[in-house]
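# Coordinate inspection notes
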Amino acid sequence: ILAMRQLVHDTKYDPAELDVAGWPLRWHAQPNSGPNAWKVEKSIVGNEVRQKYSVDAAADSDSWLRYENLVPTYDIWQQVADSRQQGNKQPLFSDADRAKYRRLIMDANPYDGRVDRNRMIDTSLQVDPLKQGLHWVGDLMMEANVHIESNSGVLLFDLVEGGKHFTCRINVADGEAQLSADDDASFAPKAKTSIVGPGKYVVAFSNFDDQLLLWVDGNVISFDGDTAYNVDKVFGSRENIIPQTSDKDLGDFAPVGIGARGAKISVNRLRVWRDIYYIADDYQRMQAFEPVTDYNHSPFNREVLDLATDPATWNLFRNRHKAYFTLNDRQLFPMGDNSAESSDARLWVNSERGKPGGPYLDRRLLIGKALCVYWPHSWNRIPGTPIPFPLFPNVADMRLVR
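Residues numbered from 1 in each chain as written. Predicted model: local features only at pLDDT ≥ 70, side-chain atom pairs only at ≥ 80, totals over all residues. Heavy atoms only, no water.

## Comments concerning the overall build of the protein chain
Condition: Working definition: helices are DSSP H or I runs of at least four residues, strands are E runs of at least two. Numbering for both runs from the N terminus. We compute the radius of gyration over the C-alpha atoms and compare it with the globule rule, which gives 2.2 Å times the number of residues raised to the power 0.38. Three exposure classes are used, based on accessible area relative to the maximum for each residue type with a 1.4 Å probe and protein chains only: buried under 20%, partly exposed in between, and exposed over 50%. Throughout, a contact is declared for two residues whenever any of their heavy atoms are within 4.5 Å. Only the protein chains shown count as cover for residues, and the accessible areas themselves come from Shrake-Rupley with a 1.4 Å probe. A residue counts as positive if it is Lys or Arg and as negative if it is Asp or Glu; His and the chain ends are not included. Where a charge lies is defined by one atom per residue type: Lys uses NZ, Arg uses CZ, Asp uses CG and Glu uses CD.
Secondary structure assignment for the protein chain yields 5 helices and 18 strands. Compactness check: the protein chain gives a C-alpha radius of gyration of 23 Å against a globular reference of 21 Å for 402 residues, within 12% of the reference. For the protein chain, the spread of C-alpha atoms along the principal axes amounts to about 70 × 60 × 45 Å. Put simply, the protein chain has 402 residues, and 42% of those count as buried. In the protein chain, the proportion of contacts linking residues at least 24 apart, taken out of those at least 6 apart, comes to 65%. Counting every atom, the protein chain has about 22,500 Å² of accessible surface; 51% of that belongs to carbon and sulfur. Distance from the positive charge centre (46 side chains) to the negative charge centre (54 side chains) of the protein chain: 4 Å.

## Details of the confidence of the model for the protein chain
Condition: One number per residue, pLDDT, summarises how confident the predictor is, and it ranges from 0 to 100.
Summing up the model confidence of the protein chain, the mean pLDDT is 87 and the portion of residues at 70 or higher is 91%. In this model residues 1–11 is a low-confidence stretch, pLDDT under 50, and it forms 22 contacts with partners more than four residues away in sequence or in other chains.

## Brief notes about the packing of aromatic side chains
Counted only if it meets this: Any pair of Phe, Tyr and Trp rings, taking the six-membered ring for Trp, is counted once the centres come within 6.5 Å. Such a pair is stacked with planes under 30 degrees apart, edge-to-face with planes over 60 apart, and tilted for the rest.
Inspection of every chain in the model, using the stated rule, returns 12 aromatic pairs. Seen in terms of ring centroids, Phe93 and Tyr101 are 6.2 Å apart; in terms of plane orientation they differ by 90°. Their pairing is edge-to-face. Taking the relative accessible area as the measure of exposure, Phe93 reaches 7% and is therefore buried. Relative to Phe333, the ring of Phe325 lies with its centre 4.8 Å away and its plane at 45°, an arrangement referred to as tilted. Under the relative-accessibility criterion, Phe325 is labelled partly exposed at 27%. The exposure class of Phe333 is partly exposed, given its relative accessible area of 25%.

## Points about the side chain of Glu17
Filter applied, for reference: Counting of polar contacts relies on pairs of N or O atoms within 3.5 Å, with two restrictions inside protein: one atom must be capable of donating a hydrogen and the other of accepting it, and residues adjacent in sequence are counted only when both atoms are side-chain atoms.
Tracing the sequence through the fold places Glu17 in helix H2 (residues 16–20). Side-chain polar atoms of Glu17 contact the side chain of Arg84, separated by 2.5 Å. In this view, Glu17 contacts Val80 and Arg84; residues no more than four positions away in its chain are not counted.

## Looking at the pairing of strand E4 (residues 63–67)
For the record, the criterion: Whether two strands pair depends on DSSP finding at least two bridges between them.
Here E4 lies mainly inside the structure; 5 of its 5 residues are buried. With burial as the criterion, each face of E4 is covered, one bearing Ser63, Leu65 and Tyr67 and the other bearing Trp64 and Arg66. Alignment of strand E1 (residues 27–29) against E4, held across 3 bridges, turns out to be antiparallel. Bridging from a neighbouring strand, Trp27 pairs with Tyr67 of E4. Relative to strand E13 (residues 256–261), E4 runs antiparallel, the two sharing 5 bridges. Looking across to E13, one finds that Ser63 is bridged to Ala260.

## Observations regarding the nonpolar core
Worth spelling out the cut-off: The definition of a nonpolar core used throughout is a set of buried Ala, Val, Leu, Ile, Met, Phe, Trp, Tyr and Cys residues joined through side-chain atoms within 4.5 Å.
With 61 residues, the main nonpolar core has Val146, Phe157, Ile258 and Ile265 as its most contacted residues. No other element matches the 5 residues that strand E5 (residues 140–148) contributes to this core. Formed by 9 residues, the second largest nonpolar core is a distinct cluster that contains Trp77, Val80, Phe93 and Tyr101.

## As for unusual backbone geometry
Among all residues save glycine, negative phi is the norm, and among peptide bonds the norm is trans. For Asp209, which is not glycine, the phi dihedral falls at a positive 55°. Non-glycine residue Asp217 carries a positive phi angle of around 55°. By the secondary structure assignment, Asp217 is in the loop between strand E11 (211–216) and strand E12 (219–220). A relative accessible area of 41% places Asp217 in the partly exposed class.

## So, the sheet that holds strand E2 (residues 39–45)
One open sheet accounts for 7 strands, arranged E2-E3-E14-E5-E10-E11-E12; its pairing is antiparallel. The sheet is open, and its two edges are formed by E2 and E12, each paired on a single side. Across 8 bridges, E5 lies against strand E14 (residues 264–274) in antiparallel orientation. Counted as the bridge partner of Ile148 is Ile265 from E14.

## So, the pairing of strand E6 (residues 154–161)
Regular strands place side chains that alternate from one sheet face to the opposite one. Of all the 8 residues making up E6, 8 are buried; the element is thus mostly covered by neighbouring parts of the structure. Neither face of E6 is open: one carries Val154, Leu156, Asp158 and Val160, the other Leu155, Phe157, Leu159 and Glu161, and all of them are buried. Sheet topology note: the E6/E13 ladder contains 6 bridges and is antiparallel. For Asp158, the partnering residue across the bridge sits in E13 and is Gly257. Two elements, E6 and strand E7 (residues 164–171), share 8 bridges in a ladder whose sense is antiparallel. Across the sheet, residue Val160 finds its bridge partner in E7, namely His165. Turn length for the E6-E7 hairpin, with the two strands adjacent in sequence and antiparallel, is 2 residues, and the turn residue Gly162 shows positive phi of about 60°.

Here you go:
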């Protein structure tokens, strides 16, 4: 990959150069936050732009820091590289450019966007749009290192799915946490947490499979009621769970938030996780050279290429396909972790295509058990250093499978 990049610009891309070019940060204070808005401190370490956010929030309103999924495209990287080669020191982008580059969180895996020598045309590294995620992922989780510097106030977490807000409010004075979901006032489970007064905490909040979960310092919090919400109360029906956005509420374009009310807080190491999206496809719907999707096939509707960025196309999410598979109690249904490219049981048909039997694995063929993770690699460098070392083992991540 680096060699091919050199064919284009005789250099490699440096993520820190996005910041120099004025590329907007994904985390930012919610617009119109006033004098109590979150502030950011940035430091560049190597090619990383590290951020720390802080707020001294007023007691009469919520102050939010929100995440937008801003993805620099191939053309953006080209602009940055061209500007650098020309010696331009002026920013190319500004916060006003957010609307042009925001995307829904999709089922894109970076390694699906690989470009090999055989696919290069005119030395272009343009990634095939079909490999950049065609399915919106609404099940999300956020995680952050939180430093509370006040004895009172409220720490808030917010996740958006289908335009609906799912929130956790933690009272810093006594550690009580309460969950809520839009359009269901009866959903209000409470719990006691260790977040009491000043201190440093690692907090995670998730909305996976119609259930909210909260972790503090690695421990899942037990609430006094069921944390699975009623989908029909919140959305009306499951078919209504499609992305939403508006001028007043960016909704699924800004689906993650951390906030404060009457509290002094700083956060860093913010992370957004998404659930695996399993595409409802099967071998009967597959056509030659068409991508694996759960939209209608034949002919392939190229309008889905705009789903990540264009709200006018979002009704297409209502037409997602359902796939049904029948198994008995001696058959297993293997599923890969990269649904868009995994040749798993969804796409198996019969022994004529070299697969045993059909869309299942006979239990008798399962002859081993996973015991440990023994060779996780470290992204081709010695962990904790910038020293290149292909396939160096990440010893810290070796572990028994629980």
